[in-house]
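Structural features, examined
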Amino acid sequence: MNFYGFLILQGLVMPNFSDFDYYFAIDVLGIPASLLSLQFVWVALFILVMPAIYVVKFSHIEYQKLFITVQILWIVSYLGKLSLAMGWSQQLGLPNFAVYFFFGTFLGPFEVMLTMMPGMIILTKLIPKGIEATMLALSSTIIALNQFTIRAQIGLLINATTVDVTTDNLEDFATLAWVEFLCAFIPLTFIYRMVPTIA
């Protein structure tokens with residue numbers, strides 16, 4: 001049950017403001033929509049090879065270390081977004097699309113894979129016999145809530161009550177990028193307590 005708690009708590013402390021990423025990329029960074037659409041090709045290709053990559057490269061790593069690695073990937077990814085929002089990457093002469101693609105589109109599927117694949121394995125091993133179907137459905141729901149729902153809803157709540165960035169006014173987008181980046185450090189404080197070493 002600790003791992004279920006970890007997934008929910010991680011979602012609660014890591015707000016996500018990805019609803020505004022697309023508009024920020026087009027309106028502020030000036031990345032053409034045609035280039036942004038290429039990211040879906042990468043994600044589709046990655047989904048096809050994701051299980052093989054996990055089995056070959058990551059399945060032997062103990063779960064706590066794997067989740068710490070994932071958390072560090074989230075931090076690096078949010079640092080990339082922050083560098084775009086603050087203009088640091090531009091000062092270094094790095095093209096916006098390359099930074100956006102690497103820190104978002106390229107790292108993003110790795111983060112999701114390294115959360116979902118071992119997460120499902122851990123939860124599958126913890127499920128008692130006789131209630132496999134019910135618990136597997138519950139486990140899938142909790143992982144999806146962690147990745148896609150809780151983070152986005154917390155992000156919407158924070159934005160609506162504090163910064164109030166909209167798709168038409170992205171002036172304070174950097175503030176949201178700072179919140180994502182700083183909050184990504186919080187799960188490092190409880191991964192060792194809530195993620196099993198082995199299931």
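Just above sits the structure.
Throughout, residues of each chain are indexed from 1 in the direction in which the sequence is written. Where local features are concerned, this predicted model is filtered to residues with pLDDT of at least 70; where side-chain atom pairs are given and counted, the filter is 80 or more; whole-chain, interface and lining totals use all residues. Excluded from the side-chain calculations are hydrogens and water; all other atoms, namely the structure's heavy atoms, are used.

**Here's the deal with helix H7 (residues 96-126)**
Counting from the N terminus, the helices are the DSSP runs of H or I reaching at least four residues and the strands are the DSSP runs of E reaching at least two. Helix span, as expected, comes to 1.5 Å for every residue beyond the first. Here H7 is 31 residues long and its end C-alpha atoms lie 44 Å apart, about the 45 Å a rise of 1.5 Å per residue gives. Maximal helix bending in H7 amounts to about 40°, located at leucine 107; proline proline 109 follows within four positions. Fitting one axis to the seven residues ending at a residue and another to the seven starting there, the bend at that residue is the angle between the two axes.

**Some points on the packing of helix H1 (residues 2-13) against H7**
For helices, the axis comes from a line fit to the C-alpha atoms of the stretch in contact; other axes are also lines fit to C-alpha atoms, and the angle between any two N-to-C directions lies between 0 and 180 degrees. With their axes 10 Å apart at the nearest point, H1 and H7 run at an angle of 150° to one another. Taken as axis vectors, H1 and H7 run roughly antiparallel relative to one another. When you trace H1 past H7, the crossing you get is left-handed. On the side of H1, the interface is formed by Phe3, Tyr4 and Leu7, while H7 contributes Gly119, Ile122 and Leu123. The residue inventory of the contact of H1 with H7, partitioned by class, reads 5 nonpolar, 1 polar and no charged. In what follows, roughly perpendicular refers to angles from 65 to 115 degrees, roughly parallel to angles under 35, roughly antiparallel to angles over 145, and oblique to any angle outside these ranges. The crossing is said to be left-handed when, going from far helix to near helix, the turn is anticlockwise and less than a right angle, and right-handed when the turn is clockwise. Residue contacts are counted whenever heavy atoms from the two residues lie within 4.5 Å of one another. Only Asp, Glu, Lys and Arg are considered charged, only Ala, Val, Leu, Ile, Met, Phe, Trp, Tyr, Cys and Pro nonpolar, and every remaining residue, Gly among them, polar.

**Some remarks on empty space enclosed by the protein**
It is the rolling of a water-molecule-sized probe over the atoms that shows where space remains empty. Every definition here rests on a 1 Å grid over the protein atoms only: cavities are sets of points where a 1.4 Å probe fits but cannot get out, pockets are open sets enclosed by protein on both sides within 12 Å along at least five of seven lines, and lining residues have some atom within 4 Å of a point. Grid points are joined across faces, edges and corners, and a volume is the space filled by probe spheres set on the points. What the rule picks out here adds up to 1 cavity of 30 Å³ or more. In terms of lining, the largest cavity is formed by Asn16, Phe17, Asp19, Phe20, Ala152, Gly155, Leu156 and Asn159. Residue composition of the lining of the largest cavity, by class: 4 nonpolar, 3 polar and 1 charged.

**Some remarks on the layout of surface pockets**
Taken as a whole, the largest pocket holds about 880 Å³ of empty space. If you go around the largest pocket, you meet 31 residues; those closest to its centre are Ser18, Asp21, Gly104, Thr105 and Gly108. Only helix H2 (21-28), helix H4 (38-58), helix H5 (63-86), H7 and helix H8 (132-163) provide two or more residues apiece to the lining of the largest pocket. By residue class, the composition of the lining of the largest pocket is 18 nonpolar, 9 polar and 4 charged.

**Remarks on the packing of H4 against H7**
Contact pair H4 / H7: the axes reach a minimum separation of 10 Å and the direction vectors enclose 45°. Classified by the angle their axes make, H4 and H7 are oblique. Judged by the sense of rotation from one axis to the other, the crossing of H4 with H7 is right-handed. When H4 is examined against H7, the residues Gln39, Trp42, Val43, Phe46, Met50, Pro51, Ile53, Tyr54 and Phe58 are found in contact with a partner set consisting of Tyr100, Phe101, Thr105, Phe106, Pro109, Phe110, Met113, Leu114, Met117, Pro118 and Ile121.

**Overview of a nonpolar patch on the surface**
Among the surface-exposed residues, Leu38, Val41, Leu45, Leu48 and Val49 lie close enough to one another that they form a single nonpolar patch of about 480 Å² accessible area. Locating valine 49 in the fold gives a position in helix H4. Within this analysis, patches are made of residues with over 30% relative accessible area and no salt bridge. Like charges are joined at 9 Å or less; nonpolar side chains (Val, Leu, Ile, Met, Phe, Trp, Tyr) at 5 Å or less. Methods summary: accessible areas were calculated by the Shrake-Rupley approach with a probe of 1.4 Å, and residue burial reflects only the protein chains presented. Salt bridge, as used here: a side-chain nitrogen of Lys or Arg that lies within 4 Å of a carboxyl oxygen of Asp or Glu.

**Some words on the pattern of salt bridges**
Within this structure, the stated rule accounts for 2 salt bridges. For aspartate 21, the salt bridge goes to lysine 81, with nearest N and O atoms at 3.0 Å. Of this pair, aspartate 21 sits in helix H2 while lysine 81 sits in helix H5, placing them 60 residues apart in sequence. Summary of the burial criterion: residues with accessible area below 20% of their type's maximum are buried, those above 50% are exposed, and those between are partly exposed, where the area comes from a 1.4 Å probe applied to protein chains only. A residue is classified by how much of its surface remains accessible, and aspartate 21, at 15% relative accessible area, is buried. Two residues, lysine 81 and glutamate 180, come together in a salt bridge whose shortest N-O distance is 2.7 Å. Residue lysine 81 is located in helix H5, and its partner glutamate 180 is located in helix H9 (residues 173-183); the two are separated by 99 residues in the primary sequence. Residues lysine 81 and glutamate 180 agree in their burial class; the two are buried. A single network of salt bridges, built from pairs that share partners, joins Asp21, Lys81 and Glu180.

**Overview of unusual backbone geometry**
Phi at aspartate 164 is positive, roughly 60°, even though this residue is not glycine. Tracing the backbone through its elements, the reader meets aspartate 164 in the loop between H8 and H9. The class of aspartate 164 is partly exposed, set by a relative accessible area of 48%.

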